[in-house]
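Examination of the molecular architecture
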Amino acid sequence: MKASHTRFRRAALCIALGACIAATTPTVFAQSVTGAVAGRASAGDQITVRNEATGASRTVTVGGDGNYRLGQLPIGDYELQLVRNGQVVGDVIPVSIQLGGTTTVNLGGDGGLTNLDSVQVIGARVVNRVDVYSTESATNIRREEIARLPVDQNLASVALLAPGVVSTGATFGGLTFGGSTVAENAVYINGLNVTDPFRRQGFSTVPFGFYEEFQIKTGGYSAEFGRSTGGVINAVTRSGSNEFEAGMEVTLEPADWRASGRDRYYPDGKVNTVYSRDTNSWFKTNAWASGPIVEDRLFFFAMYEKRENRTRGYGDTTASFVDSPNDFWGVKLDWQISDGHLLELLAFSDEVESVTDRYNYDWDTDTRGNWFGNGYAETGGQNYSLTYTGHLTDNFVAKAMHGVNERSSVTGSPLDGVCTVFVRTADYDSENGEPDLPVGCHPTNSSISSRDDTREASRLDFEWTLGNHQLRFGVDQEILESVTSNIYPGDGQRYSAVPVVPGGPLSNGSLVPAGVTGILDARRYIQGAEVESTARALYIEDNWNITPNLLLNLGLRFDSFESEVGGDTFTKAEFGDMMAPRFGFSWDVKGDGSTKLFGNAGRYYIPMTNRIPEYFGGGSIDEHTFYVIDGWQELPHPVTGDPYLAPIIGDQIGPVDGSFNAGGGDFRTVVDRDLKQVYQDEFILGFQQALNREWSWGVNATYRETGRAIEDALINSAPDACPWYSGDWPIINPGETATLWCPTTEEWFELDTGSEGYRMLGSGIVVGYPKPKRVYKALEFQLDRAWDDKWAFNASYLWSRTEGNIEGPVNSDLGYADTGMVQYFDHPAGVERYGVLFNDYRHQFKFRGSYKFNEMWSVGSTLTVRSGGPITAFGVLWPNDNRAGGSFTNEFGGGGTGWLCVQYCITDADGNPSTYEDRVFEYTERGAFGRMPWVYNLGANVTWTLPVEGVDLKARLSVYNLLNKQTTINVHSRYEAQPGEARPYFGEGRVWQSPRYAQLVVTWNF
């Protein structure tokens, strides 16, 4: 009796918690769109599961070792029934299948029948911080749980519930997972990769009400998937069932429900940013319907959504009104051909258009003047995926998917042909005062740009169970196409007014003339190309149960990558160049499914984005010409006649600086012949314990190390091998040996970029580039209390340290978002310093909870508290070199150094122009100027449910950033303008938390 009682307790705990490891339980797969049920029973018994929504059923015979598994099941609620010798045994067991997981149901390991009719499943929604069925780190959240919490209606807000995920303070936004940058993540909808292929920032999406379940992965992916060194957001949409259902949802965010932003001023009283009069309102309404087209066989889910977003922004002299009325359509079809064969179609459009109207505006009198012009923007595209799942035998499953993801980005203005872009930097206004009229006549000051991206994805996966081995193997392919063009409006140049010091150096080698304190930096920037990249992968994986309680996951993945520009190969990596082993284990310590020790180790490759071959393969003109400012003049607007300010362009200072022109021509001189793709090694060790049916806790440690980069680097010294390289920017793996083509000798040559390749200007010293490195260390604790139809709670604390000499493929310190070409290696000083990086948020606390008072009222809350990131100073020069390591004129251009000039920076002791021999520097570490403040974000909601049986009507009022904290989350990091000339606003804020706002969501389902 004792043995039977123990087995009963284990089965009950497994079902109620969804938290034990079956003898054949596999690891969870990174972009899985299904789940599984597995466990132990008497050999020869049959296990049948039936989907309650569609009626589809599957049956499997328990193996001779007492193990069974039913995989590739669509997520949802099922009924499980044991059959012995053709007779039904016991009662039906309700089982819930979650995304990417395995629900374990043990039915008596010794052949005796467990008394299952007394087991009660608590929604199977007790999902711990780490999915206890696997060796990975993931957080699962269903639609029902989100509805109980103040979570805004976007994927990023859902991801932020997971430990280790932070909304970065970068000027270009995004999420950082485990110390990675915003350009290393992947987003999947129903197995289709919808991540931006051009910069790997942003993604396609569907309305919140279209989703069914979310899975946020922060590490430990199986060999089935790759191409990410950050995190993965894996989402599954809703599907139809045998019941006709429909509903409507209205979301209201009136401008009056949003707190005013705070006006920001610099210490000298000058305006930093004014937000107090800005308003934003958002309204949307969707209607959906679902049900059977053919009962038990063909089902549909469809949604249409109408949206309207209005933003009003007010500055000193201009106001911008942005209107974006758009709609969405989406449909999901499921054809259950037979119980063992399923065909799924997903199609949706997320195309968005917006128009920005600009007006004259007087801040002092709060008066809007005449219309000043407008601009337009278009984004999004149409998407579809077709997926087939076939259970060919009891132990062999095949799955095939093909899909297309489209994304566009188009910007322009009707005034592009007649208005040139003129801007005044904050530093210039600090020295010369703020203007009383608009600067320039262009309504957006944006370039004329067009980009169309298309991803065509295909994959084929197999799952084969052989005794205590579960083999998974397959192939996948993604073809990524980008067609781009970009040019500045007007005369094709963008004129930036910047302050300078007489006698100070400029990037074209000239000195600022005597008496000149302000110049125009005229940038001419033209680029565009047709790029096609193909990424392929092969993988094989064995999930091997060495014992009933010990599971090993052994995997191997091979990736290949090829990028073409205009039909010619830009770079190529074969399968043997990207071999990624994966190893994981999961040990059910007590054998009762309540306590688990797990770990994994793996290598993960991430290929270059289309941005690099587009810029360097297609060729880019990026020239700077410097002019003296002879004053400012009033000119009439070409449409309204109203006055605006334009600079009086004086004498040109020195030659055109064409050193930033890139690419084109012979690709062999543009990119390393043996270019290797970026990889990251990751190690995770964790422990999980279920204390009872409600409470569980866990702890894990993570170590990540990235030791390679793909970047353009300045190569101006290869005298022994190829004198032709005198100032070029080939794409290489900095710090490693590069193989480049020499036009002079018409031969390949090797260059050890770790020790040579860069010649200092003036001293002639030759050095190399330090090898890039980023290390992330973390220790995470979590406590979870499951929802029991009354209340739920989750708390986590994460200590982490992110350090290195390179943040990753973007540079958040200086605001560079061009993935893989962010000027780290424009100068060796850019990566000289090793220390804390921008995404080093040392302490993170997260809490979320919900409470149900009665059938009418419930509340929920979230609280996130994290420490601020480090403040690092960037100078413009370093010892023994006259060449700039950071721009003398552009605060957000040209990288930067860790050296600050403190003496003889512009002139020497005799008043002559100083050189590298005269200047005295002070070295500063990363993070030497302290940290930004702690960030607090409290959200709360209250939900009212109409207490009428048969009527599903709810209203949820949510308030985000309840305390209205508007904390600084990014600052000006450029310390110097010209050598020794401190920028006036170093350390002052650039990005802040959004103000408090409220949202009302009313849903009616019928």
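Residues numbered from 1 in each chain as written. Predicted model: local features only at pLDDT ≥ 70, side-chain atom pairs only at ≥ 80, totals over all residues. Heavy atoms only, no water.

If you check an unreviewed UniProt entry, the chain appears there as TonB-dependent receptor from Luteimonas kalidii. One UniProt comment on the chain, placed under Subcellular location (unreviewed entry), says "Cell outer membrane". (UniProt positions renumbered as here; feature names shortened; annotations may be inferred.)

1. Notes on the confidence of the model for the chain
Of all residues in the chain, 94% attain a pLDDT of 70 or more, and the chain-wide mean is 90. Contacts from residues 1–30, a stretch scored under 50 in pLDDT, to residues over four places away or in other chains number 116 contacts. Considering only residues more than four positions removed or in separate chains, one finds that residues 109–130, a stretch of pLDDT under 50, has 66 contacts. (pLDDT = per-residue confidence, 0-100. Contact = heavy atoms within 4.5 Å.)

2. Structural notes on the pairing of strand 48 (residues 843–852)
Two faces, one strand: in a regular strand the side chains alternate between the faces of the sheet. In this sheet, strand 48 lies alongside strand 46 (residues 791–804) in antiparallel orientation, the contact comprising 9 bridges. Counterpart to Leu798 in the pairing with strand 48 is Gln844. As defined by bridge partners, strand 48 adjoins strand 49 (residues 857–866) across 9 bridges and the pair is classed as antiparallel. Directly across from Tyr851, in strand 49, lies its bridge partner Val859. What sits between strand 48 and strand 49 in their antiparallel hairpin is a turn of 4 residues. (Pairing = 2+ DSSP bridges. Helix = DSSP H or I, 4+ residues; strand = E, 2+ residues; numbered from the N terminus.)

3. Looking at unusual backbone geometry
Phi is positive for Asn445, which is not a glycine, with a value near 55°. Its identity as a non-glycine residue notwithstanding, Asn961 has a phi of 55°, on the positive side. Mapped onto the elements of the fold, Asn961 is located in the loop between strand 53 (952–960) and strand 54 (968–971). Overall, the relative accessible area of 3% leaves Asn961 in the buried class. (Buried < 20%, exposed > 50% of the residue type's maximum accessible area, 1.4 Å probe, protein only.)

4. Focus on the UniProt feature "domain: TonB-dependent receptor plug" (unreviewed entry) in the chain
Here the UniProt-annotated "domain: TonB-dependent receptor plug" (unreviewed entry) positions come out as residues 135–232. Here residues 135–232 is 9% helix and 29% strand, with 15 Å between the C-alpha atoms at its ends.

5. As for the sheet that holds strand 4 (residues 67–74)
The strand order across the open sheet formed by 3 strands is 4-1-7, and the pairing between neighbours is mixed. What marks the edges here is a single partner per strand, and that holds for strand 4 and strand 7 (102–104). Going across the sheet, the axis of each strand differs from the next one's by a mean of 20°, ignoring polarity. As paired elements, strand 1 (residues 34–40) and strand 4 share 6 bridges and run antiparallel to each other. Within strand 4, the position partnered with Thr34 by the bridge is Pro74. (Axes fitted to C-alpha atoms, helices over the stretch in contact; angles between N-to-C directions.)

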